There are 4 protein chains.
Amino acid sequence: MNTIGHLFKLTTFGESHGTAIGGVIDGCPSNLKLDFDFIAVELDRRKTAQSETTSQRKESDHIEWISGLLDGITLGTPIAFMVRNDDCKPSDYENLKDVFRPSHADFTYEQKYGLRDWRGGGRASARTTLPIVVAGAIAKQILKGKGIQIVAEVTEMGDAEQAKNEGDTVGGIVECRIIGVPAGLGEPMFGKFSAQLAHAMFSLPAVKGFEIGDGFALAKMKGSEANDTFIVSDVGLKDAGRGTEGIEICAATNHSGGIQGGISNGNDIVFRVAFKPIPSISKPQQTVNRAGEACTIAIKGRHDVCALPRAVVLVEALAAVVTLDLRMMAKQLSLVGG
Amino acid sequence: MNTIGHLFKLTTFGESHGTAIGGVIDGCPSNLKLDFDFIAVELDRRKTAQSETTSQRKESDHIEWISGLLDGITLGTPIAFMVRNDDCKPSDYENLKDVFRPSHADFTYEQKYGLRDWRGGGRASARTTLPIVVAGAIAKQILKGKGIQIVAEVTEMGDAEQAKNEGDTVGGIVECRIIGVPAGLGEPMFGKFSAQLAHAMFSLPAVKGFEIGDGFALAKMKGSEANDTFIVSDVGLKDAGRGTEGIEICAATNHSGGIQGGISNGNDIVFRVAFKPIPSISKPQQTVNRAGEACTIAIKGRHDVCALPRAVVLVEALAAVVTLDLRMMAKQLSLVGG
Amino acid sequence: MNTIGHLFKLTTFGESHGTAIGGVIDGCPSNLKLDFDFIAVELDRRKTAQSETTSQRKESDHIEWISGLLDGITLGTPIAFMVRNDDCKPSDYENLKDVFRPSHADFTYEQKYGLRDWRGGGRASARTTLPIVVAGAIAKQILKGKGIQIVAEVTEMGDAEQAKNEGDTVGGIVECRIIGVPAGLGEPMFGKFSAQLAHAMFSLPAVKGFEIGDGFALAKMKGSEANDTFIVSDVGLKDAGRGTEGIEICAATNHSGGIQGGISNGNDIVFRVAFKPIPSISKPQQTVNRAGEACTIAIKGRHDVCALPRAVVLVEALAAVVTLDLRMMAKQLSLVGG
Amino acid sequence: MNTIGHLFKLTTFGESHGTAIGGVIDGCPSNLKLDFDFIAVELDRRKTAQSETTSQRKESDHIEWISGLLDGITLGTPIAFMVRNDDCKPSDYENLKDVFRPSHADFTYEQKYGLRDWRGGGRASARTTLPIVVAGAIAKQILKGKGIQIVAEVTEMGDAEQAKNEGDTVGGIVECRIIGVPAGLGEPMFGKFSAQLAHAMFSLPAVKGFEIGDGFALAKMKGSEANDTFIVSDVGLKDAGRGTEGIEICAATNHSGGIQGGISNGNDIVFRVAFKPIPSISKPQQTVNRAGEACTIAIKGRHDVCALPRAVVLVEALAAVVTLDLRMMAKQLSLVGG
């Protein structure tokens, strides 16, 4: 269950303060010259210490490429890679070893597995999302060659500076747009584009909500307000859906967020992801320790005030992985009569 | 991609006006005496014509059990079942054959597959959700034996009676609660309980939003407000997570909706699903036909004003399928040292 | 686990004397006009009572097509179908209800599931292979359009007529040839063409051996005898592997059976499947009943003397399903640079 | 497709002369104290240079454990590990860069992927089987705790010493026995124990045949000779199948090789795997280069004369992975009524 994707598959591994964090990409097309500079740029977008709102852990994020490449070109075999956990300070966490931090995964991991890696969140740490960025960068590179782009941004965020002073944290919302998706991607009934995006986004730490198009606002609309009428496009959207050769059909509005019946309609795919505040706050909190005794905890260490700035590239990366996977799946269609 | 689940798997098939709608359940434990009365009750909850807000299509919903049972007891082999589409009026849809209904899946299915079953929505029809109810009822029966219950309700809905008079439709929100889930269910990184619930819910027609716990509201909170502190329970929650033998630990609040780090924490799992209004409205709308010509459409026929009343049992059913699947997966844990 | 395939997927259901036997094909390309006559011909090849060596059960094998088709054309949605079990005589099996027939699946099913459908072998009956023939016929039809043909034959069989007189049964070997497979199909490490063929063949009842190319004989050869040298082909094999544009490369011999490193090399794929004798013999045998008492059994009823004549089409059908699945998977390759 | 298993899953990566060879085990039960000594012993059994018949490449096989462990105890999270490729001599292979070695995977990889890692066989090298041994050792450790043991041996092999002098190679047969398997493991129709073993074995390089029980010999037998009659056991096999509480039922003979209807019957599971001779021979051979020109090749370097001695541990390892996976799957059974 540490794998996402069907044809373009990413398996991730690693704990926050273990030897390394990494992944295996199985199913990447061969003969692709990887754009290592772009991958580095994407990793920088995720890296800590990038701003006032994120933590001070220095992550060099130097990728060791282990397999699947010859002279920087993909072989079609599994691409394994990892980043060592250099700047670890397990001692920062020694005092948390026997305490269940509120709204963290300490308690649930211990319940599930009978033990947990208490050093910095272990497998549940946000650091474990690093391999997603690598896979996402590769997926983006391939999608770009198909005219598909993915752009996310923070559209809502609490007052981080104030929260920092108070020893508190804030949450927010990331909105993402997938541009240039041809009509016809998505696999009903249980592989809908929207369902796979939701699944992917809820794989990120701290995600608590997902909506597509007008999302929850649609619950308050009437059908006549919510429906996207089709029009014949004058200008001609490249790659958009076509009803008849040479005639461009598209939706005039986009309440649906580019997906109808689980399948892309050629409009931009637009979705929003809600992140709860990071649960690591330095304000004292009541909790319980492993012995079942009530105690107080104040979480010190190098923690972000807000996950949102880093989350942008993660949302994009997973959107890229899902889109590429569905794009590869759609290739099968041409088998008959082609 | 018409399959959901990993150990308890449901594959569905059927178009709205084809021969039948049905499913195959693979992985149902053997030696279970199916509660056919309960299955019938659940199907009745989904059936059309049940109220003012739903359509007039008469669905007898008589299940033909095809395999997997001997004297009503599960054999452990695939359980195939189907319900014939008796009260079909394909002629109702003849005029829609060449028109793309706004915000329906007509256009996207045709883009994806090159053709579509135009009779009543075909595979994209809400009728295709029927097998989900059957699988859900079986899953609920098994979960009940484990002390797990699932209850959903409509918490928000537009004014259906007014919309009906206007030839319009309304959307709304269903809230669902999974009660009695032991701590420890869910499979990080890409099989989180929350992610699988989101995936399942987005498999339902018209779903556009999903949130768990306080969901989108968490984006506006501070960590100190959003965190769920742990307490030692006096009363003792049955089946709840335990830190130490004999001591009950639980979260005092439930902003997280019962899931932390993708794993259940023993609290109730609470989530909300946003449904857009049904796109079939009798009000005239602008659209485009298959020849690429602009045209006007007024959708007649037997359509619901609101999907919400029927959606309640669907949300519960998919929640049951996901929960049972994760419960079965968790059994592997006991292999070591047990 | 009642599903085979990754993109072209077949799920089967049904017990020998239940309501029906059937299947769901998920992933069949859309817009294919099914050749129902061909499917009927293939089913006839499997049908009982076709010769002296097979049993007298009359199987009408009338297929009910339930979903996935509009006017005989595939919609791209799941194709569900079934054949009713008309000529059932459960009473023939009443006396077997509490006895474990030697080398049958009675004992193992009961151990696994705690109960079993004792009527005619239930899920373990050879009748449950019927849906494989249907899926195979569809796969063959698609493959034919790609220049790929599959032909099997019985190459070894015991003396059936003598065995019949003795109340005994015989086994044998089926050899199968897949012709016209382009080089490059197969997915290392764990999705090798040979591995998937072996897996598929061992899904058939009574299969106890599988070898590809020279198979077990290779164990006795030297490398210099076993190796297939490459040559430049004069005539030019259509669809064969090419080293350089316009130059045909192929293996001069075929000890490898068309597969090297798990991937097709453009030569015919040749494999053999060993079937044990059908275990249902009318000769008296010692065995044990469910009460744990030793007893004697003589299996009466309508049983084949040899499964081989029917097995030919089954071997071909599964070979077709595997080949098509791998052919669809190979389409992803063209995503980069094309 | 570089993954094997359903609940206990191994994904492998790496090319022969790349940075490293490794794997990710996803689904290993938590709280298992790994027996590193045993893993080292198993790796030694596979290592080159161990005898006269195997090659001179020095493989230190030092495992770097990357994730999934805390103080040597499994966390339940993915266990990633790798072994660096230290003693590489890519220059040995420089002259093979543009030549297709007969019966190697050079040609097929190049056809499939459009390029290949020519250094020492790349992904198709026998070295890539190393991670299988690691996963197998862990699986064996868990199975041992359940009373299940796996023992393989070479039962047939050509004259290696003579072949060595002639610049040739030999093949052979490995027989494997899985002892102590309880009745009831295996998942019909397409997850049969036999089918999964066959699939796994054909994932090994050079495997060309697989048979279970009496295998191909059964094709020549009559039913009365091939059937395994059931008896009531006096001594009582621990963990064996039981028809009635307290009464031991088992098969008196084992022509079936411990599997009937795809499910274990409590007898030892016995199967044989045929390996072709290693195709790397120093005798000159005719072949074709990438330019499509006929040429002669004599393969020098450090190659085994026979793969069999190393193959023994590989066969055992994959048998262990398959058996454990099926054992974990069988745990679901107890969900009802327990």
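A.B. asks: Describe in detail the sheet that holds strand β7 (residues 79–84) of chain A, supporting the description with residues and values.
C.D. replies: Residues and elements named next belong to chain A. Within the open sheet, the 5 strands sit side by side as β1-β2-β3-β7-β4. Their pairing is antiparallel. Sheet topology places β1 (3–4) and β4 (63–65) at the edges, where each strand pairs with a single neighbour. Pairing geometry for strand β3 (residues 20–26) and β7, over 6 bridges, is antiparallel. Paired with I25 across the strands is I79, a residue of β7.

A.B. asks: Explain the sheet that holds strand β10 (residues 172–179) of chain A to me, and be specific about the residues and the numbers.
C.D. replies: Sheet strands pair via backbone hydrogen bonds, and the direction of the pair is either parallel or antiparallel. Here 8 strands make up an open sheet; going across it, the order is β9(A)-β10(A)-β17(A)-β11(A)-β10(B)-β16(B)-β9(B)-β8(B) and the pairing antiparallel. Edge positions in the open sheet fall to β9 (149–157) of chain A together with β8 (149–157) of chain B, since each of these has one partner strand only. Going across the sheet, the axis of each strand differs from the next one's by a mean of 20°, ignoring polarity. The pairing of strand β11 (residues 207–212) of chain A with strand β10 (residues 207–212) of chain B spans 3 bridges and is classified as antiparallel. Counterpart to G209(A) in the pairing with β10(B) is E211(B). Against the sheet, helix α5 (residues 193–201) of chain A makes contact with β10, β11 and β17 (269–275) of chain A, and its axis sits at roughly 160° relative to β11(A), the strand it touches most.

A.B. asks: Tell me about unusual backbone geometry, and please be specific about residues and values.
C.D. replies: At the junction of P188(A) and M189(A), the peptide bond is cis and its omega measures out at 0° in the coordinates. Phi at D71(A) takes a positive value of approximately 55°, unusual for a residue other than glycine. Turning to its location among the elements, D71(A) is positioned in the loop between β5 (69–70) and β6 (73–74). Even without being glycine, S103(C) reaches a positive phi, approximately 60°. Structurally, S103(C) can be placed in the loop between β8 (99–100) and α2 (106–113). Judged by relative accessible area, S103(C) falls into the buried class, the value being 5%.

A.B. asks: Which residues make up the relation of the copies chain D and chain C, and what are the values?
C.D. replies: Structural alignment of chain D on chain C gives an RMSD of 0.0 Å, achieved by rotating through 180° and translating 0.0 Å along the axis. One copy is carried onto the other by what is essentially a two-fold rotation axis. Both copies contact each other with a shared surface, as 100% of the interface residues of chain D are interface residues in chain C too.

A.B. asks: Lay out the interface of chain A and chain B in plain terms, naming residues and giving numbers.
C.D. replies: A common way to report how large an interface is uses the accessible area buried once the components associate. On the side of chain B, 104 residues touch chain A, which itself brings 104 residues to the contact. Summing both sides of the interface, chain A and chain B together bury roughly 8,400 Å²; the carbon and sulfur share of this comes to 61%. Of all residues in chain A, M1(A), K112(A) and F190(A) give up the largest surface area on contact with chain B, accounting jointly for 12% of the area buried on that side. With its nearest N and O atoms 2.8 Å apart, the salt bridge here joins K112(A) to E187(B). The tally of links from chain A across to chain B stands at 48 residue pairs in polar contact (both at pLDDT 80 or more). It is helix α2 (residues 106–113) of chain A that contributes the most residues to the side of chain A that touches chain B, 6 residues altogether. Its residues placed into classes, the side of chain A that touches chain B shows 47 nonpolar, 39 polar and 18 charged.

Quick notes on the rules
- Residues numbered from 1 in each chain as written.
- Chains lettered and ligands numbered in written order.
- Predicted model: local features only at pLDDT ≥ 70, side-chain atom pairs only at ≥ 80, totals over all residues.
- Heavy atoms only, no water.
- Pairing = 2+ DSSP bridges.
- Helix = DSSP H or I, 4+ residues; strand = E, 2+ residues; numbered from the N terminus.
- Axes fitted to C-alpha atoms, helices over the stretch in contact; angles between N-to-C directions.
- Contact = heavy atoms within 4.5 Å.
- Buried < 20%, exposed > 50% of the residue type's maximum accessible area, 1.4 Å probe, protein only.
- Least-squares fit on C-alpha atoms with pLDDT ≥ 70 in both.
- Buried area = accessible area lost by both parts, 1.4 Å probe.
- Salt bridge = Lys/Arg side-chain N within 4 Å of Asp/Glu carboxyl O.
- Polar contact = N/O pair within 3.5 Å; in protein donor to acceptor, adjacent residues only side chain to side chain.
- Nonpolar A, V, L, I, M, F, W, Y, C, P; charged D, E, K, R; others polar.

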